[in-house]
Amino acid sequence: MYYHFFLEKSFSPFISAYLIFNILFFIITPLAQLSEMEEISPKYLNTLPHKPFNTIIANIYIIIFNIIFFLSYLIFKNKNTNVKEYIIHKNLPFHILFILFISLLVLLFNFDYIQEKLMTPTWKLKYDKAKSIKIVISKVLFSVPLAGIALVVMYFKKNGKKNLNILIISLSLLLFIFLIFLFKNPFMEKRSGLGPIYFCILFLFFPKIFNTNIKTTLILYFSLIVVMPVMAVFTHVNSSFSEVLQNPKIITNSLSSEILLSNFNTINFDAYINFIATIDYVSNKGFSLGEQLLSAFLFFIPRSIWKTKPNTSGEFIGDYLIDKYDFWFNNISNPFVSEAYLNFGLIGIIIFAILLAYFFSKMLLFLKSDDILKKNLAFFIAIHMIYFLRGDFTNGFSQLILVSFGIYIIPKLSFLFFRK
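No experiment lies behind these values; they were computed from the predicted model shown. (Residues numbered from 1 in each chain as written. Predicted model: local features only at pLDDT ≥ 70, side-chain atom pairs only at ≥ 80, totals over all residues. Heavy atoms only, no water.)

S.K.: Quick question: what am I supposed to make of the environment of S361 here?
M.R.: Inspection of the secondary structure assignment puts S361 in helix 18 (residues 336-368). For the pair S361 and I75, spaced 286 residues apart in sequence, the C-alpha separation works out to 9.2 Å. (Helix = DSSP H or I, 4+ residues; strand = E, 2+ residues; numbered from the N terminus.)

S.K.: So what exactly am I meant to see when it comes to the packing of aromatic side chains here?
M.R.: Remark: the centre distance and the inter-plane angle together describe each pair of aromatic rings, the angle taken between the planes. One pass over the full model with this rule turns up 44 aromatic pairs. Residues F69 and Y73 carry aromatic rings whose centres are separated by 6.1 Å and whose planes lie at 20° to one another, so their mutual orientation is stacked. Remark: Y73 and F69 occur in helix 3 (residues 52-79); sequence separation between them is 4 residues, near one turn of the helix. An identical accessibility class is assigned to F69 and Y73; each is buried. Taking the centre distance of 6.2 Å and the plane angle of 80° together, the rings of Y320 and Y325 count as edge-to-face. We note that Y320, like Y325, is buried. Aromatic ring contacts, followed pair by pair, group F65, F297, F299, F300, F336, F352, F388, F393 and F397 into a single cluster. The ring of F366 carries K374 above its face, with NZ or CZ at 4.9 Å from the centroid. (Phe/Tyr/Trp six-rings, centres within 6.5 Å; stacked < 30°, edge-to-face > 60°. Buried < 20%, exposed > 50% of the residue type's maximum accessible area, 1.4 Å probe, protein only. Lys NZ or Arg CZ within 6 Å of the ring centre and 35° of its normal.)

S.K.: Help me understand the packing of helix 10 (residues 191-205) against helix 19 (residues 372-390), please; the structure alone is not making it clear to me.
M.R.: Helix-helix packing is described using two parameters, namely the angle between the two axes and the distance between the axes. Orientation of helix 10 relative to helix 19, taken along the N-to-C sense of each, is 140°, at an axis distance of 9 Å. On the basis of the axis angle, helix 10 is oblique to helix 19. You can see that helix 10 and helix 19 cross each other, and the crossing is right-handed. Contact residues: S192, G195, P196, I197, F199, C200, F203 and L204 in helix 10; I372, K375, N376, F379, F380, I383, H384 and Y387 in helix 19. (Axes fitted to C-alpha atoms, helices over the stretch in contact; angles between N-to-C directions. Parallel < 35°, antiparallel > 145°, perpendicular 65-115°, else oblique. Left-handed = near helix turned anticlockwise from the far one by under 90°. Contact = heavy atoms within 4.5 Å.)

S.K.: Explain the pattern of salt bridges here, please?
M.R.: Side-chain pairs of opposite charge can arise whenever the charged atoms involved come near each other. Applying the stated rule across the entire model yields 5 salt bridges. Between R303 and E315 there is a salt bridge, with its nearest N and O atoms 4.0 Å apart. In this pair, R303 sits in the loop between helix 16 (291-297) and helix 17 (313-325) while E315 sits in helix 17, placing the two residues 12 residues apart along the sequence. Owing to a relative accessible area of 26%, E315 belongs among the partly exposed residues under this scheme. With its nearest N and O atoms 2.5 Å apart, the salt bridge here joins D371 to K412. Taken together, the residues span a long stretch of sequence, with D371 in the loop between helix 18 and helix 19 and K412 in helix 20 (residues 393-417) at a distance of 41 residues. (Salt bridge = Lys/Arg side-chain N within 4 Å of Asp/Glu carboxyl O.)

S.K.: It is not clear to me how helix 19 should be interpreted in this structure. Could you clarify?
M.R.: The periodicity of an α-helix, 3.6 residues per turn, causes residues three or four places apart in sequence to face the same way. Given a rise of 1.5 Å per residue, 19 residues ought to cover 27 Å, and the 28 Å separating the end C-alpha atoms of helix 19 matches this to within 8%. The largest bend in helix 19 comes to about 40°, at H384. Among the 19 residues that make up helix 19, 17 are buried, leaving the element largely enclosed by the rest of the structure. The N-capping residue of helix 19, defined by a side-chain oxygen 3.0 Å from the backbone nitrogen of L373, is D371. In the stretch just after helix 19, G391 is the one whose phi turns positive, near 85°. (Expected span 1.5 Å × (residues − 1). Bend = angle between axes of the 7 residues up to and from the residue. Polar contact = N/O pair within 3.5 Å; in protein donor to acceptor, adjacent residues only side chain to side chain.)

S.K.: How do you make sense of the side chain of D371 when you look at a structure like this?
M.R.: Overall, D371 belongs to the buried group, its relative accessible area being 2%. Here L373 takes part through its backbone nitrogen, which lies 3.0 Å from a polar atom of the side chain of D371. Non-local contacts of D371, meaning those with residues more than four positions away in its chain, are made with Y86 and K412.

Structure (C-alpha coordinates):
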(Lines give C-alpha, C1' and ligand atoms only; values in the text may rest on other atoms or scores of the structure.)
Protein backbone atom coordinates (compact mmCIF):
# COMPACT_ATOMS: atom_id res chain seq x y z
CA MET A 1 0.00 0.00 0.00
CA TYR A 2 2.86 2.37 0.82
CA TYR A 3 4.45 1.67 -2.56
CA HIS A 4 1.14 2.15 -4.38
CA PHE A 5 0.27 5.43 -2.64
CA PHE A 6 3.64 7.17 -2.42
CA LEU A 7 6.21 5.49 -4.68
CA GLU A 8 4.31 4.22 -7.74
CA LYS A 9 4.37 7.13 -10.18
CA SER A 10 1.98 5.67 -12.75
CA PHE A 11 -1.77 5.35 -12.30
CA SER A 12 -2.58 1.69 -11.59
CA PRO A 13 -6.20 0.90 -10.66
CA PHE A 14 -5.27 -2.79 -10.88
CA ILE A 15 -3.22 -2.53 -7.69
CA SER A 16 -5.96 -0.41 -6.09
CA ALA A 17 -8.47 -3.21 -6.69
CA TYR A 18 -5.94 -5.83 -5.56
CA LEU A 19 -5.33 -3.97 -2.29
CA ILE A 20 -9.01 -3.43 -1.57
CA PHE A 21 -9.78 -7.10 -2.16
CA ASN A 22 -7.07 -8.21 0.26
CA ILE A 23 -8.00 -5.62 2.90
CA LEU A 24 -11.72 -6.40 2.87
CA PHE A 25 -11.73 -10.13 2.22
CA PHE A 26 -8.50 -11.29 3.88
CA ILE A 27 -8.15 -8.88 6.84
CA ILE A 28 -11.34 -7.08 7.89
CA THR A 29 -13.78 -9.89 7.10
CA PRO A 30 -11.88 -12.70 8.88
CA LEU A 31 -11.48 -10.52 11.97
CA ALA A 32 -15.18 -9.65 11.95
CA GLN A 33 -16.29 -13.26 11.44
CA LEU A 34 -13.85 -14.75 13.97
CA SER A 35 -14.98 -12.27 16.61
CA GLU A 36 -18.58 -13.47 16.23
CA MET A 37 -17.69 -17.15 16.43
CA GLU A 38 -19.00 -19.24 19.32
CA GLU A 39 -16.42 -20.24 21.93
CA ILE A 40 -17.71 -23.82 22.23
CA SER A 41 -17.34 -25.85 19.00
CA PRO A 42 -16.62 -22.77 16.86
CA LYS A 43 -17.64 -22.93 13.19
CA TYR A 44 -17.27 -20.61 10.23
CA LEU A 45 -20.27 -19.28 8.31
CA ASN A 46 -19.82 -22.12 5.82
CA THR A 47 -20.28 -24.63 8.72
CA LEU A 48 -16.61 -25.65 8.53
CA PRO A 49 -15.24 -26.29 12.05
CA HIS A 50 -12.60 -23.78 13.11
CA LYS A 51 -9.15 -25.34 13.08
CA PRO A 52 -6.39 -22.91 14.15
CA PHE A 53 -3.73 -24.83 12.20
CA ASN A 54 -5.62 -24.45 8.89
CA THR A 55 -6.10 -20.74 9.60
CA ILE A 56 -2.35 -20.30 10.08
CA ILE A 57 -1.62 -22.26 6.90
CA ALA A 58 -4.09 -20.11 4.95
CA ASN A 59 -2.42 -16.93 6.21
CA ILE A 60 1.04 -18.21 5.25
CA TYR A 61 -0.13 -19.05 1.72
CA ILE A 62 -1.76 -15.62 1.34
CA ILE A 63 1.48 -13.94 2.48
CA ILE A 64 3.51 -16.02 0.00
CA PHE A 65 1.10 -15.13 -2.81
CA ASN A 66 1.32 -11.40 -1.99
CA ILE A 67 5.13 -11.38 -1.81
CA ILE A 68 5.57 -13.27 -5.11
CA PHE A 69 2.94 -11.11 -6.78
CA PHE A 70 4.49 -7.83 -5.58
CA LEU A 71 8.03 -8.72 -6.63
CA SER A 72 6.83 -10.03 -10.01
CA TYR A 73 4.76 -6.88 -10.56
CA LEU A 74 7.80 -4.66 -10.01
CA ILE A 75 9.88 -6.71 -12.48
CA PHE A 76 7.25 -6.94 -15.23
CA LYS A 77 6.17 -3.32 -14.88
CA ASN A 78 9.72 -2.05 -15.45
CA LYS A 79 10.11 -4.28 -18.50
CA ASN A 80 6.73 -3.61 -20.17
CA THR A 81 6.88 0.12 -20.91
CA ASN A 82 6.41 0.31 -24.69
CA VAL A 83 3.04 1.92 -25.49
CA LYS A 84 2.08 1.73 -29.17
CA GLU A 85 1.04 4.97 -30.82
CA TYR A 86 -2.62 5.13 -31.82
CA ILE A 87 -4.01 7.30 -34.61
CA ILE A 88 -7.71 8.14 -34.39
CA HIS A 89 -9.48 7.04 -37.57
CA LYS A 90 -10.86 9.86 -39.69
CA ASN A 91 -14.13 7.96 -40.19
CA LEU A 92 -14.79 7.65 -36.46
CA PRO A 93 -18.36 9.10 -36.75
CA PHE A 94 -19.28 6.28 -39.15
CA HIS A 95 -17.96 3.67 -36.68
CA ILE A 96 -19.94 5.27 -33.86
CA LEU A 97 -23.13 5.06 -35.92
CA PHE A 98 -22.38 1.45 -36.82
CA ILE A 99 -21.98 0.53 -33.12
CA LEU A 100 -25.25 2.37 -32.44
CA PHE A 101 -26.90 0.34 -35.22
CA ILE A 102 -25.67 -2.91 -33.59
CA SER A 103 -26.91 -1.75 -30.18
CA LEU A 104 -30.36 -0.95 -31.53
CA LEU A 105 -30.52 -4.35 -33.24
CA VAL A 106 -29.66 -5.94 -29.89
CA LEU A 107 -32.57 -4.06 -28.32
CA LEU A 108 -34.94 -5.01 -31.13
CA PHE A 109 -34.15 -8.74 -31.12
CA ASN A 110 -34.06 -9.04 -27.34
CA PHE A 111 -36.99 -6.84 -26.42
CA ASP A 112 -39.05 -9.80 -25.18
CA TYR A 113 -36.12 -11.03 -23.07
CA ILE A 114 -35.65 -7.58 -21.50
CA GLN A 115 -39.36 -7.33 -20.79
CA GLU A 116 -39.31 -10.80 -19.22
CA LYS A 117 -36.42 -9.89 -16.91
CA LEU A 118 -38.07 -6.64 -15.83
CA MET A 119 -41.41 -8.33 -15.21
CA THR A 120 -40.11 -11.48 -13.48
CA PRO A 121 -38.46 -11.78 -10.04
CA THR A 122 -34.79 -12.81 -10.30
CA TRP A 123 -35.21 -16.09 -8.42
CA LYS A 124 -37.67 -17.39 -11.03
CA LEU A 125 -35.19 -16.81 -13.88
CA LYS A 126 -32.79 -19.37 -12.38
CA TYR A 127 -34.93 -22.12 -13.86
CA ASP A 128 -34.73 -20.78 -17.41
CA LYS A 129 -33.81 -23.57 -19.86
CA ALA A 130 -32.07 -21.12 -22.23
CA LYS A 131 -29.95 -19.69 -19.42
CA SER A 132 -26.57 -20.19 -21.16
CA ILE A 133 -27.64 -18.35 -24.33
CA LYS A 134 -29.13 -15.50 -22.33
CA ILE A 135 -25.94 -15.14 -20.27
CA VAL A 136 -24.02 -14.58 -23.53
CA ILE A 137 -26.61 -12.02 -24.63
CA SER A 138 -26.47 -10.26 -21.27
CA LYS A 139 -22.68 -10.19 -20.98
CA VAL A 140 -21.62 -9.67 -24.62
CA LEU A 141 -24.36 -7.90 -26.54
CA PHE A 142 -25.72 -5.81 -23.68
CA SER A 143 -22.21 -4.39 -23.11
CA VAL A 144 -21.79 -3.04 -26.65
CA PRO A 145 -23.31 0.43 -25.88
CA LEU A 146 -20.43 1.03 -23.44
CA ALA A 147 -18.05 0.80 -26.41
CA GLY A 148 -20.22 3.37 -28.19
CA ILE A 149 -19.96 5.75 -25.22
CA ALA A 150 -16.17 5.33 -25.23
CA LEU A 151 -15.94 6.11 -28.97
CA VAL A 152 -18.10 9.21 -28.52
CA VAL A 153 -15.80 10.44 -25.75
CA MET A 154 -12.80 9.89 -28.04
CA TYR A 155 -14.55 11.76 -30.84
CA PHE A 156 -15.21 14.84 -28.72
CA LYS A 157 -11.56 14.91 -27.64
CA LYS A 158 -10.20 14.94 -31.19
CA ASN A 159 -9.75 18.07 -33.31
CA GLY A 160 -11.53 19.01 -36.49
CA LYS A 161 -15.09 18.19 -35.42
CA LYS A 162 -17.84 19.25 -37.81
CA ASN A 163 -20.99 20.93 -36.49
CA LEU A 164 -23.32 18.44 -38.20
CA ASN A 165 -21.33 15.55 -36.78
CA ILE A 166 -21.45 17.06 -33.29
CA LEU A 167 -25.26 17.08 -33.37
CA ILE A 168 -25.52 13.52 -34.68
CA ILE A 169 -22.89 12.15 -32.29
CA SER A 170 -24.52 13.94 -29.33
CA LEU A 171 -27.84 12.27 -30.13
CA SER A 172 -26.01 8.96 -30.47
CA LEU A 173 -24.49 9.49 -27.02
CA LEU A 174 -27.93 9.98 -25.48
CA LEU A 175 -29.10 6.74 -27.09
CA PHE A 176 -26.03 4.87 -25.88
CA ILE A 177 -26.60 6.09 -22.31
CA PHE A 178 -30.26 5.10 -22.46
CA LEU A 179 -29.38 1.64 -23.76
CA ILE A 180 -26.62 0.94 -21.24
CA PHE A 181 -28.93 1.82 -18.34
CA LEU A 182 -31.67 -0.28 -19.87
CA PHE A 183 -29.37 -3.28 -20.37
CA LYS A 184 -27.35 -2.83 -17.17
CA ASN A 185 -29.51 -2.07 -14.14
CA PRO A 186 -30.05 -3.89 -10.82
CA PHE A 187 -33.06 -5.73 -12.21
CA MET A 188 -31.15 -6.95 -15.27
CA GLU A 189 -27.69 -7.65 -13.91
CA LYS A 190 -25.91 -8.84 -10.76
CA ARG A 191 -23.78 -6.50 -8.67
CA SER A 192 -20.57 -8.08 -9.97
CA GLY A 193 -21.56 -7.07 -13.49
CA LEU A 194 -22.93 -3.63 -12.67
CA GLY A 195 -20.02 -2.21 -10.70
CA PRO A 196 -17.33 -2.35 -13.43
CA ILE A 197 -19.73 -0.99 -16.07
CA TYR A 198 -20.80 2.03 -14.00
CA PHE A 199 -17.23 2.71 -12.92
CA CYS A 200 -16.20 2.72 -16.59
CA ILE A 201 -18.86 5.31 -17.40
CA LEU A 202 -17.58 7.52 -14.57
CA PHE A 203 -14.01 7.01 -15.76
CA LEU A 204 -14.91 8.01 -19.33
CA PHE A 205 -16.76 11.19 -18.39
CA PHE A 206 -14.90 12.21 -15.23
CA PRO A 207 -11.36 10.81 -15.48
CA LYS A 208 -10.03 13.25 -12.86
CA ILE A 209 -11.97 11.34 -10.19
CA PHE A 210 -9.62 8.40 -10.73
CA ASN A 211 -6.37 10.18 -11.61
CA THR A 212 -4.46 9.13 -8.47
CA ASN A 213 -3.94 5.77 -6.80
CA ILE A 214 -5.05 7.05 -3.40
CA LYS A 215 -8.36 8.41 -4.70
CA THR A 216 -9.12 5.26 -6.67
CA THR A 217 -8.41 3.02 -3.68
CA LEU A 218 -10.60 5.08 -1.36
CA ILE A 219 -13.45 5.21 -3.89
CA LEU A 220 -13.36 1.44 -4.31
CA TYR A 221 -13.24 0.91 -0.55
CA PHE A 222 -16.29 3.04 0.22
CA SER A 223 -18.16 1.66 -2.78
CA LEU A 224 -17.76 -1.89 -1.47
CA ILE A 225 -18.72 -1.16 2.14
CA VAL A 226 -21.58 1.27 1.40
CA VAL A 227 -22.84 1.17 -2.21
CA MET A 228 -22.61 -2.57 -2.83
CA PRO A 229 -24.68 -3.57 0.25
CA VAL A 230 -27.40 -1.14 -0.86
CA MET A 231 -27.27 -2.54 -4.40
CA ALA A 232 -27.84 -5.98 -2.89
CA VAL A 233 -31.33 -4.84 -1.93
CA PHE A 234 -32.17 -4.31 -5.61
CA THR A 235 -30.37 -7.34 -7.06
CA HIS A 236 -31.69 -9.78 -4.44
CA VAL A 237 -35.23 -8.46 -4.03
CA ASN A 238 -37.90 -11.14 -4.60
CA SER A 239 -40.01 -8.79 -6.71
CA SER A 240 -39.88 -7.73 -10.35
CA PHE A 241 -39.14 -4.22 -11.63
CA SER A 242 -42.81 -3.69 -12.47
CA GLU A 243 -43.84 -4.70 -8.94
CA VAL A 244 -41.32 -2.29 -7.44
CA LEU A 245 -42.65 0.53 -9.64
CA GLN A 246 -46.17 -0.13 -8.36
CA ASN A 247 -45.01 -0.41 -4.76
CA PRO A 248 -41.66 1.35 -4.05
CA LYS A 249 -41.96 0.39 -0.36
CA ILE A 250 -40.72 -3.07 -1.37
CA ILE A 251 -37.25 -1.51 -1.61
CA THR A 252 -37.45 0.83 1.39
CA ASN A 253 -38.77 -1.96 3.61
CA SER A 254 -35.83 -4.14 2.58
CA LEU A 255 -33.32 -1.59 3.86
CA SER A 256 -32.06 -2.22 7.37
CA SER A 257 -29.23 -1.10 9.60
CA GLU A 258 -27.51 -4.47 9.08
CA ILE A 259 -27.46 -4.00 5.30
CA LEU A 260 -26.38 -0.37 5.41
CA LEU A 261 -23.72 -0.65 8.10
CA SER A 262 -22.07 -3.97 7.45
CA ASN A 263 -22.51 -7.33 5.83
CA PHE A 264 -19.09 -8.75 6.64
CA ASN A 265 -20.74 -11.48 8.69
CA THR A 266 -22.63 -12.83 5.70
CA ILE A 267 -21.90 -15.39 2.99
CA ASN A 268 -21.23 -12.48 0.58
CA PHE A 269 -17.80 -12.23 2.24
CA ASP A 270 -16.93 -15.92 2.32
CA ALA A 271 -13.69 -15.89 0.29
CA TYR A 272 -11.37 -16.40 3.25
CA ILE A 273 -13.33 -19.18 4.92
CA ASN A 274 -13.75 -20.96 1.58
CA PHE A 275 -9.97 -20.89 1.14
CA ILE A 276 -9.73 -22.62 4.52
CA ALA A 277 -12.36 -25.10 3.31
CA THR A 278 -10.18 -25.75 0.24
CA ILE A 279 -7.19 -26.46 2.50
CA ASP A 280 -9.38 -28.86 4.47
CA TYR A 281 -10.47 -30.58 1.24
CA VAL A 282 -6.90 -30.96 -0.06
CA SER A 283 -5.71 -32.39 3.27
CA ASN A 284 -8.37 -35.12 2.93
CA LYS A 285 -8.58 -35.79 -0.81
CA GLY A 286 -5.57 -34.20 -2.52
CA PHE A 287 -5.17 -31.69 -5.36
CA SER A 288 -7.42 -31.54 -8.43
CA LEU A 289 -4.40 -31.15 -10.77
CA GLY A 290 -6.00 -28.69 -13.17
CA GLU A 291 -9.41 -30.36 -13.50
CA GLN A 292 -11.23 -27.30 -12.10
CA LEU A 293 -9.46 -25.04 -14.60
CA LEU A 294 -10.97 -26.92 -17.54
CA SER A 295 -14.44 -25.59 -16.79
CA ALA A 296 -12.97 -22.05 -16.87
CA PHE A 297 -10.95 -22.17 -20.09
CA LEU A 298 -13.68 -24.18 -21.85
CA PHE A 299 -16.60 -22.29 -20.31
CA PHE A 300 -18.17 -21.76 -23.75
CA ILE A 301 -18.89 -25.50 -24.13
CA PRO A 302 -22.36 -26.17 -22.64
CA ARG A 303 -22.92 -29.10 -20.29
CA SER A 304 -25.55 -30.44 -22.66
CA ILE A 305 -22.69 -31.26 -25.05
CA TRP A 306 -19.95 -31.97 -22.50
CA LYS A 307 -21.72 -34.29 -20.06
CA THR A 308 -18.65 -34.78 -17.82
CA LYS A 309 -17.68 -31.11 -17.67
CA PRO A 310 -16.07 -30.44 -14.24
CA ASN A 311 -17.88 -28.27 -11.73
CA THR A 312 -16.46 -24.85 -10.97
CA SER A 313 -14.20 -24.69 -7.93
CA GLY A 314 -16.96 -22.89 -6.00
CA GLU A 315 -19.44 -25.67 -6.68
CA PHE A 316 -16.74 -28.27 -6.07
CA ILE A 317 -15.87 -27.00 -2.59
CA GLY A 318 -19.53 -26.24 -1.89
CA ASP A 319 -20.44 -29.88 -2.56
CA TYR A 320 -17.61 -30.94 -0.24
CA LEU A 321 -19.01 -28.74 2.54
CA ILE A 322 -22.50 -30.13 1.94
CA ASP A 323 -21.33 -33.75 2.07
CA LYS A 324 -19.03 -33.45 5.08
CA TYR A 325 -20.28 -30.50 7.14
CA ASP A 326 -24.01 -30.24 6.28
CA PHE A 327 -23.71 -26.91 4.44
CA TRP A 328 -26.89 -25.91 2.60
CA PHE A 329 -25.82 -24.77 -0.93
CA ASN A 330 -22.88 -24.95 -3.32
CA ASN A 331 -23.03 -21.58 -5.07
CA ILE A 332 -20.06 -20.15 -3.18
CA SER A 333 -16.98 -18.12 -4.02
CA ASN A 334 -13.44 -19.49 -4.12
CA PRO A 335 -10.67 -16.88 -4.26
CA PHE A 336 -7.88 -16.82 -6.81
CA VAL A 337 -5.22 -17.97 -4.34
CA SER A 338 -7.49 -20.84 -3.29
CA GLU A 339 -8.01 -21.86 -6.93
CA ALA A 340 -4.23 -22.02 -7.32
CA TYR A 341 -3.85 -24.17 -4.21
CA LEU A 342 -6.74 -26.49 -5.09
CA ASN A 343 -5.21 -27.30 -8.46
CA PHE A 344 -1.46 -27.38 -7.85
CA GLY A 345 -0.69 -26.59 -4.21
CA LEU A 346 2.15 -24.22 -3.27
CA ILE A 347 3.60 -24.39 -6.81
CA GLY A 348 0.23 -23.26 -8.13
CA ILE A 349 0.20 -20.30 -5.73
CA ILE A 350 3.60 -19.15 -6.98
CA ILE A 351 2.70 -19.61 -10.67
CA PHE A 352 -0.69 -17.90 -10.35
CA ALA A 353 0.88 -14.93 -8.54
CA ILE A 354 3.46 -14.47 -11.31
CA LEU A 355 0.84 -14.77 -14.07
CA LEU A 356 -1.43 -12.23 -12.37
CA ALA A 357 1.44 -9.74 -12.06
CA TYR A 358 2.35 -10.23 -15.72
CA PHE A 359 -1.28 -9.70 -16.75
CA PHE A 360 -1.44 -6.46 -14.74
CA SER A 361 1.71 -5.15 -16.41
CA LYS A 362 0.25 -5.80 -19.86
CA MET A 363 -3.05 -4.15 -18.98
CA LEU A 364 -1.17 -1.07 -17.76
CA LEU A 365 -0.03 -0.59 -21.37
CA PHE A 366 -3.67 -0.70 -22.47
CA LEU A 367 -4.55 1.87 -19.81
CA LYS A 368 -1.82 4.25 -21.02
CA SER A 369 -2.87 3.94 -24.68
CA ASP A 370 -4.56 6.74 -26.62
CA ASP A 371 -6.93 4.10 -27.97
CA ILE A 372 -10.06 4.75 -25.90
CA LEU A 373 -11.31 1.19 -26.41
CA LYS A 374 -8.09 -0.23 -24.94
CA LYS A 375 -8.20 2.27 -22.08
CA ASN A 376 -11.86 1.48 -21.34
CA LEU A 377 -11.21 -2.28 -21.44
CA ALA A 378 -8.25 -1.93 -19.08
CA PHE A 379 -10.25 0.08 -16.56
CA PHE A 380 -13.12 -2.40 -16.74
CA ILE A 381 -10.69 -5.25 -16.03
CA ALA A 382 -9.17 -3.32 -13.11
CA ILE A 383 -12.53 -2.91 -11.36
CA HIS A 384 -13.58 -6.43 -12.30
CA MET A 385 -10.47 -7.74 -10.50
CA ILE A 386 -12.24 -7.47 -7.13
CA TYR A 387 -14.87 -9.94 -8.31
CA PHE A 388 -12.29 -11.99 -10.20
CA LEU A 389 -10.01 -12.39 -7.17
CA ARG A 390 -12.98 -13.30 -4.99
CA GLY A 391 -13.79 -16.12 -7.39
CA ASP A 392 -14.52 -18.58 -8.35
CA PHE A 393 -12.14 -18.48 -11.30
CA THR A 394 -14.58 -19.90 -13.86
CA ASN A 395 -17.24 -17.25 -13.26
CA GLY A 396 -14.74 -14.41 -13.02
CA PHE A 397 -12.81 -15.48 -16.11
CA SER A 398 -15.88 -16.17 -18.27
CA GLN A 399 -17.46 -12.83 -17.38
CA LEU A 400 -14.20 -11.01 -18.15
CA ILE A 401 -13.94 -12.67 -21.58
CA LEU A 402 -17.61 -12.19 -22.49
CA VAL A 403 -17.79 -8.51 -21.56
CA SER A 404 -14.44 -7.90 -23.28
CA PHE A 405 -16.04 -9.14 -26.50
CA GLY A 406 -18.81 -6.58 -26.12
CA ILE A 407 -16.73 -3.53 -25.23
CA TYR A 408 -13.58 -4.25 -27.27
CA ILE A 409 -13.58 -7.20 -29.72
CA ILE A 410 -16.86 -6.40 -31.53
CA PRO A 411 -15.94 -2.70 -32.10
CA LYS A 412 -12.44 -3.67 -33.26
CA LEU A 413 -13.87 -6.21 -35.70
CA SER A 414 -16.15 -3.53 -37.13
CA PHE A 415 -13.09 -1.28 -37.55
CA LEU A 416 -11.35 -4.03 -39.52
CA PHE A 417 -14.41 -4.81 -41.61
CA PHE A 418 -14.93 -1.15 -42.55
CA ARG A 419 -11.25 -0.17 -42.53
CA LYS A 420 -11.64 1.58 -45.91
